[in-house]
Amino acid sequence: MEPIPETLQALGEVDLYLDDGSLLDQLTATASRAEQLVPGLVGVSLGYHERGLTFTLVASGEQIAALDAVQYATSGPCVDAIHLGHGIATPDGLLNERQWHHFARASAAAGVQSTLTLPVVDDDVVVSTVNLYGREEDTFVGKSEVLADVFGAWASGAVANADLSFATRRAAEQAPTQLKHTALVDTATGILAAERGLSVDQARTQLHESASRAGVPVHTLAAILVDVYLDE
């Protein structure tokens, strides 16, 4: 199981701040262990709530090729579009299209037909979640406990089939951008604190309030301040 490109990039940046080894190595090893225990596992997403980051690992791309076969066997937008002679839009999502039910359940990421979400709890607070994606509808039946042990999660809080659309993969694709924005805001906060004689908290508040008043994203304002400072 390998990280998607965006996760690989994000993990590379996160690892710069770690003292206890590579997070990429840790996640890859853990996902591999889970894959051994649950052969039908095709994807793992780890969401860190405090940082608002998601990291995703997926099985071999060979699974994606099977999606064409699903359409040929049970119908799907690609096949129907050919027969109809025009494009097809699904504004409400594939899972709401009854005629493509089988394809929808197999579509999101390399043949996902079942999911399992496990919360990771620290001092009674959910600090992260582990989202697992299975090839078959029964991939995770009876496996909550063993997978919770692998990921250090809470089996009793497991939720099945809550993320069949693999929305966490899309979140993972945004992680590198989030990290860059965070770095810009942190840098601009430091510059503002030094230039205006403010505490870090005061500078951060001023940065956010200024961006809000101007109606621009805070990372946009931060980028301008950093550029101006570097040009001096």
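In every chain, residue numbers begin from 1 and rise along the written sequence. The model is predicted, so local features are restricted to residues of pLDDT at least 70 and side-chain atom pairs to those at 80 or more, both for listing and for counting; the totals for chains, interfaces and linings are taken over all residues. The side-chain figures draw on all heavy atoms in the structure; neither hydrogens nor water molecules are used.

- With an unreviewed UniProt entry as reference, the chain is termed ANTAR domain-containing protein, source organism Nocardioides zeicaulis.

### A look at the pattern of salt bridges
- The salt bridge criterion pairs a side-chain nitrogen of Lys or Arg with a carboxyl oxygen of Asp or Glu, the two atoms within 4 Å. Inspection of every chain in the model, using the stated rule, returns 1 salt bridge.
- The closest approach of N and O atoms between Arg204 and Asp186, which form a salt bridge, is 3.1 Å. Of the two residues, Arg204 sits in helix H9 (residues 200–214) while Asp186 sits in helix H8 (residues 175–196), which places them 18 residues apart along the sequence.
- Accessible area is worked out with a 1.4 Å probe on protein chains only. A residue is then buried under 20% of its type maximum, exposed over 50%, and partly exposed in between. Looking at Arg204, the relative accessible area reads 29%, which means it is partly exposed. The secondary structure listing takes helices from DSSP runs of H or I that are at least 4 residues long and strands from runs of E that are at least 2 residues long, numbered from the N terminus.

### Side note on the nonpolar core
- By size, the foremost hydrophobic cluster in this structure holds 37 residues, and its most contacted members are Leu41, Val44, Phe55, Val130, Leu132, Leu147 and Phe151.
- Of all elements in the fold, only helix H1 (5–14), helix H2 (23–37), strand S2 (41–48), strand S3 (53–58), strand S4 (114–122), strand S5 (125–134), helix H6 (144–151) and H8 reach the threshold of two or more residues within this core.
- Any two residues whose heavy atoms approach within 4.5 Å at even a single point are treated as in contact. Those residues in contact with Phe151 that sit more than four places away from it in its chain are Thr30, Ala34, Val44, Leu46, Val120, Val130 and Leu132.
- Residues Leu192, Ala193, Ala203 and Val226 belong to the second largest nonpolar core, which totals 12 residues. Among the buried residues, those of types Ala, Val, Leu, Ile, Met, Phe, Trp, Tyr and Cys that are joined through side-chain atoms within 4.5 Å form a nonpolar core.

### Looking at the sheet that holds S2
- When DSSP finds two or more bridges between a pair of strands, those strands are recorded as paired. If you trace the 6 strands from one edge of the open sheet to the other, you get S1-S3-S2-S5-S4-S6, paired in antiparallel fashion. Only two strands of the sheet have a single neighbouring strand rather than two, namely strand S1 (2–3) and strand S6 (159–160).
- Taken together, the 9 bridges between S4 and S5 define a ladder with antiparallel strand orientation. In the strand pairing of S5, Val121 is matched with Val126.
- Helix axes are fitted only over the stretch in contact, all axes being lines through C-alpha atoms; the angle between N-to-C directions runs from 0 to 180 degrees. Here H6 sits on the sheet in contact with S2, S4 and S5, set at roughly 50 degrees to S4.

### A closer look at the pairing of S4
- Across the 9 residues of S4, 7 count as buried, placing the element largely inside the fold.
- Counted along the chain from S4 to the antiparallel partner S5, the turn is 2 residues long, and its residue Asp123 has a positive phi close to 55 degrees.
- Bridge analysis of S4 against S6 gives 2 bridges, and the strand direction is antiparallel. By the bridge assignment, Thr117 is partnered in S6 with Val159.

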